[in-house]
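Each chain, written out:
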Protein chains: 2
Amino acid sequence: MERGPHRRRSIARLLEGAVVGEQVVVTGWVKTSRFSKNVSFVHVFDGSTDKTVQVVLDEALALAYKAELGVGAAVRVQGEWAASPGGEQSVEIKAHEVQIVGASDPSTYPLQKKRTTLEHLRTIAHLRSRTNLHQAVVRARDAISWHIHRYFHEHGFRWIHTPIITGSDAEGAGELFEVRAGDKPEGFFGKRTFLTVSGQLEVECFAQSHTDVYTFGPTFRAENSNTARHAAEFWMIEPEMAFADLDDVIALAEDFVRTVTQRVMADLPGDFELFDKRCPECGAYRPKEACKECGFDGPGVVASLQAALAEPFARVTFHEAVAILQQVDRAWEYPVGPHESLQAEHERYLAEEHFGRPVFITNYPREQKAFYMRVDEGGETVSATDLLVPRIGEMIGGSQREERLDMLLEQMERHQVEQEELWWYLDLRRWGSTPHGGFGLGLERMVLWMTGVQNIRDVLPFPRTPGHAEF
Amino acid sequence: MERGPHRRRSIARLLEGAVVGEQVVVTGWVKTSRFSKNVSFVHVFDGSTDKTVQVVLDEALALAYKAELGVGAAVRVQGEWAASPGGEQSVEIKAHEVQIVGASDPSTYPLQKKRTTLEHLRTIAHLRSRTNLHQAVVRARDAISWHIHRYFHEHGFRWIHTPIITGSDAEGAGELFEVRAGDKPEGFFGKRTFLTVSGQLEVECFAQSHTDVYTFGPTFRAENSNTARHAAEFWMIEPEMAFADLDDVIALAEDFVRTVTQRVMADLPGDFELFDKRCPECGAYRPKEACKECGFDGPGVVASLQAALAEPFARVTFHEAVAILQQVDRAWEYPVGPHESLQAEHERYLAEEHFGRPVFITNYPREQKAFYMRVDEGGETVSATDLLVPRIGEMIGGSQREERLDMLLEQMERHQVEQEELWWYLDLRRWGSTPHGGFGLGLERMVLWMTGVQNIRDVLPFPRTPGHAEF
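Parameters and conventions
Residue positions are counted from 1 within each chain, in the order its sequence is given. Written order determines the labels here, with chains lettered from A and ligands numbered from 1. Given that this is a predicted model, residues contribute local features only at a pLDDT of at least 70 and side-chain atom pairs are listed and counted only at 80 or more, while totals for whole chains, interfaces and linings are drawn from all residues. For the side-chain quantities, the full set of heavy atoms in the structure was used; hydrogens and water were omitted. Here a helix means four or more residues in a row that DSSP labels H or I, a strand means two or more in a row labelled E, and each is numbered from the N terminus. The criterion used for residue contact is that any of the two residues' heavy atoms lie within 4.5 Å. Two parts lose some accessible area (1.4 Å probe) when they are put together, and adding that loss for both gives the buried area. Any Lys or Arg side-chain nitrogen found within 4 Å of a carboxyl oxygen on Asp or Glu counts as a salt bridge. Gly falls in the polar group here, along with every residue not listed as nonpolar (Ala, Val, Leu, Ile, Met, Phe, Trp, Tyr, Cys, Pro) or charged (Asp, Glu, Lys, Arg). Whether two strands pair comes down to DSSP finding at least two bridges between them. Under this scheme, a helix contributes an axis fitted over its contacting stretch, all axes are lines through C-alpha atoms, and angles between N-to-C directions fall in the 0 to 180 degree range. The copies are overlaid by a least-squares fit using only the C-alpha atoms of residues whose pLDDT is at least 70 in both copies. Aromatic contacts are taken between Phe, Tyr and Trp rings whose centres are within 6.5 Å, Trp giving its six-membered ring; a plane angle under 30 degrees counts as stacked, one over 60 as edge-to-face, and the others as tilted. Categorising residues by exposure relies on relative accessible area from a 1.4 Å probe, with only protein chains included: less than 20% of the type maximum marks a residue as buried, more than 50% marks it as exposed, and the intermediate range marks it as partly exposed. Think of it as a cone above the ring: NZ of Lys or CZ of Arg counts as a charge over the ring if it is within 6 Å of the ring centre and within 35 degrees of the ring normal.

Looking at where Gly467 of chain B falls in the secondary structure, it is placed in the segment after helix H13 (443-451). In sequence terms Gly467 of chain B and Asn224 of chain B are 243 residues apart; their C-alpha atoms lie 9.3 Å from each other.

Turning next to the interface of chain B and chain A. On the side of chain A, 118 residues touch chain B, which itself brings 118 residues to the contact. When chain B packs against chain A, close to 9700 Å² is buried across both sides, 63% of that on carbon and sulfur atoms. In terms of surface lost to chain A, no three residues of chain B exceed His161, Phe243 and Trp431 of chain B, which account for 8% of the buried area on that side. Where Asp142 of chain A meets Arg158 of chain B, a salt bridge forms, and the shortest distance between an N and an O atom there is 3.2 Å. When residues of the side of chain B that touches chain A are assigned to their parent elements, the largest contribution, 13 residues, is made by helix H4 (residues 132-154) of chain B. Classifying every residue of the side of chain B that touches chain A gives 53 nonpolar, 38 polar and 27 charged. Taken together, the 3 bridges between strand E8 (residues 178-180) of chain A and strand E8 (residues 178-180) of chain B define a ladder with antiparallel strand orientation. Each bridged residue has a counterpart across the sheet, and for Glu178 of chain A the counterpart in E8 of chain B is Arg180 of chain B.

Turning our eyes to something else, we now look at the sheet that holds strand E16 (residues 436-442) of chain B. All names here are of chain B. A sheet is described by the order of its strands in space; here 8 strands give the open sequence E6-E10-E11-E16-E15-E14-E13-E12, paired in mixed fashion. Each of the sheet's edge strands pairs with one partner strand only, and the pair in question is strand E6 (158-159) and strand E12 (314-317). On the sheet, helix H9 (residues 318-327) packs against E12, strand E13 (359-365) and strand E14 (381-389) and is oriented at approximately 95° with respect to E12. Of the strands in this sheet, strand E10 (212-220), strand E11 (233-242), E14, strand E15 (393-400) and E16 are in contact with H13, which crosses E16 at around 55°.

What follows is about the relation of the copies chain B and chain A. With an RMSD of 0.0 Å, the fit of chain B onto chain A corresponds to turning through 180° and sliding 0.0 Å along the axis. The relationship between the two copies is best expressed as a two-fold rotation axis. Using C-alpha coordinates, one finds that chain B approaches the rotation axis most closely at Val179 of chain B, a distance of 2.4 Å. Looking at chain B, 100% of its interface residues are interface residues in chain A too, so the copies touch through the same face.

Moving on, we get to the packing of aromatic side chains. Residues and elements named next belong to chain A. In this structure the tally under the stated criterion is 59 aromatic pairs over all chains. Pairing Phe371 with Tyr372 gives two aromatic rings, centres 5.4 Å apart and planes at 75°, and the pair type is edge-to-face. Each of the two residues, Phe371 as well as Tyr372, counts as buried. In this arrangement the basic side chain of Lys369 is found over the ring face of Tyr364, its NZ or CZ atom lying 4.3 Å from the centre. Positioned above the aromatic ring of Tyr425 is the side chain of Arg429, whose terminal nitrogen or guanidinium carbon lies 4.1 Å from the ring centre.

Here it is, written out as structure tokens:
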């Protein structure tokens, strides 16, 4: 099928390939329309690109359809692909035939021209993807997801669909949602079951058979936290490599973030122009100078992403990071020390101010991290790493895993993880065990980072947060 | 990073790119080893390909490592990439250095050489991906998933992550799993919530803003059915197109199945050789002639896939299909008639015997299909289609959706679907509604079709079925 499965071409394809003089068909929704005596214009979008197509109507067509060509109407236009004499676009369609596919009454249309707040748009999440910002966010989220798969495919990683319903709370990563069918909790599966918080333990099984593997799927936290960064349901990517140590994990994470970011930006120049017009601090639209809403006068999203990738990412140990923080003359809200956890304020300082670029923190104190992380020599720290990035803080958390059966058993005892439940995980260390490791990336964190959008509720199609499971 | 993020190359990459005489490193697990006085061989796999690498050991190395180089051991071998004088492979590694990375005691190793049944392997699903068939199934499942994304990406479809936790049972597709946190069912979200059975209704919102979109995610059915085709958790792909009718849906489905199938087969020739050795009826390994286990003497999987794609898929209406079935001289277990549903026996007959290739059945009786399907002229049927394929039966179910508000309201009333819950779905028909449609594909059905594996439990990494949520 030369033109794809449809008998029409998308606006993106028309802009790429249509020839001036050619008869074309465009379908989409009216974004704006302007009628005057001599010539009238309708701008149509179809979501395939940030660009609209300008449809030029002669007097007769304008007269016939003026009443119906308001914002939001679905239309089909047939006409000539023509050079555009002036204005912003170089090509346009001289309409020969207009069809109102689906009417839209401008007086009741929920997406009115006056700027609606992102908060309000969340209440009409079924329609908000027709607005400029959400049009772009949907494309960015898709492009990021695509390039993530592409990156792993190119590097020989196999996508493993680890289970969503799980019988264990092994990672102990916060509160779980329970899954049940009927009245008895143990009814369907013969045991209590939960929604997964991570596919890592399961995907490790496949690293021990296929070497390089990854997960890409939804994960869940029943935490009652109402922040701009947390949702009860979000998507995680978790690569896992056999015959790999912490250095390999870090090399993969950096190359992965770098490659995906560059490719996505290259794919969507128009959408990144839009993201770049928003203040990365408060989201207000701003000219190049300081933000009128919040006063922020730092770089826009695009410059900030370019700066993040300009140099190799930094790398320090947890104890080096603590020393850096202790030397700063600043009143931290949370204490800083070798036995204290790094808090968001510390993480942002390190990435944004001290290093001014993404930084891997490594070798965290053993008691701060999960049982499966490999214990370093000396027994005080583990081969863990977090990648902190400007504006976002932690974007990736990874580690080398404990491949030594005796040490893993000791770790499980320390962390009070039941051996009986993880008999299969222990088995991996009994036959052909290998040093291995990987990381977890929250997809939404990466979307927030790249788009400069502030709230996770605005980058999930239908966000699930405490009190919210609409649509 | 020229060689990918690791400091080693996979066997697949070595076979593609290593040069005879070059020093290489291979990591993986011992599949077989054979020791003799003059020269000893170890075959190593790493999951990147169906091929093993033959490692040649001199007397000293053989003597030093013989005891530890049993099946299942994880090894790292350094040596010279060399032409192989005889045998099945054209290249091999002359080992200079061997490292036992992770020992494996052959006497306790759970994957013994004598053929273990697929049923038994399900009880050790954490290890089974090291066996030949599961090695290949993992690669096939990954390749199918990758080519599905690639297909949609190439055709301009955007991947939408529709929610997994949902507040509605709108599609009414069988029993639901309930999701809760804490004691009260309404606790976390302020309402009862369930695991999704389909992202279709939600993804329709995005078709009305981005035209061509799709979902690819897990879906759930709490049905107590213990068949070889049903799992409680499985993955679905659901493309949805605006400005499209049933013909477009069918054109997309055929091109999609054809393209993905051909590309996957081209990517994994060695794995399809293995699949082709198994009887497509019972799974026993068989030579070219009739199966010794079940007597089946039809074509193998590869020939059957090639035959399926040799001609355009067939297409008949439901009523034409009923007429065909009524004319056959056969004692059907289930009745055949204009008001009866097609059963598996009918579907397989149509695809396997009557048409001998995939066939789209269209325009089903209105009462047999879901409320959102578009009512045909005359009001008796809907613009639905199922794609039936040989060996599998239904692989795809799709339809044009009802885009007319008044007709949709009538359909909801008929099907007793509550309007209040789907206010947002109705909204899509109020402003800029378009004819639109799409289909749903169960990923596992496609994996079963392509690999010839009989049971869905053998193509899911950790299958969830009644009574089973291990690992």
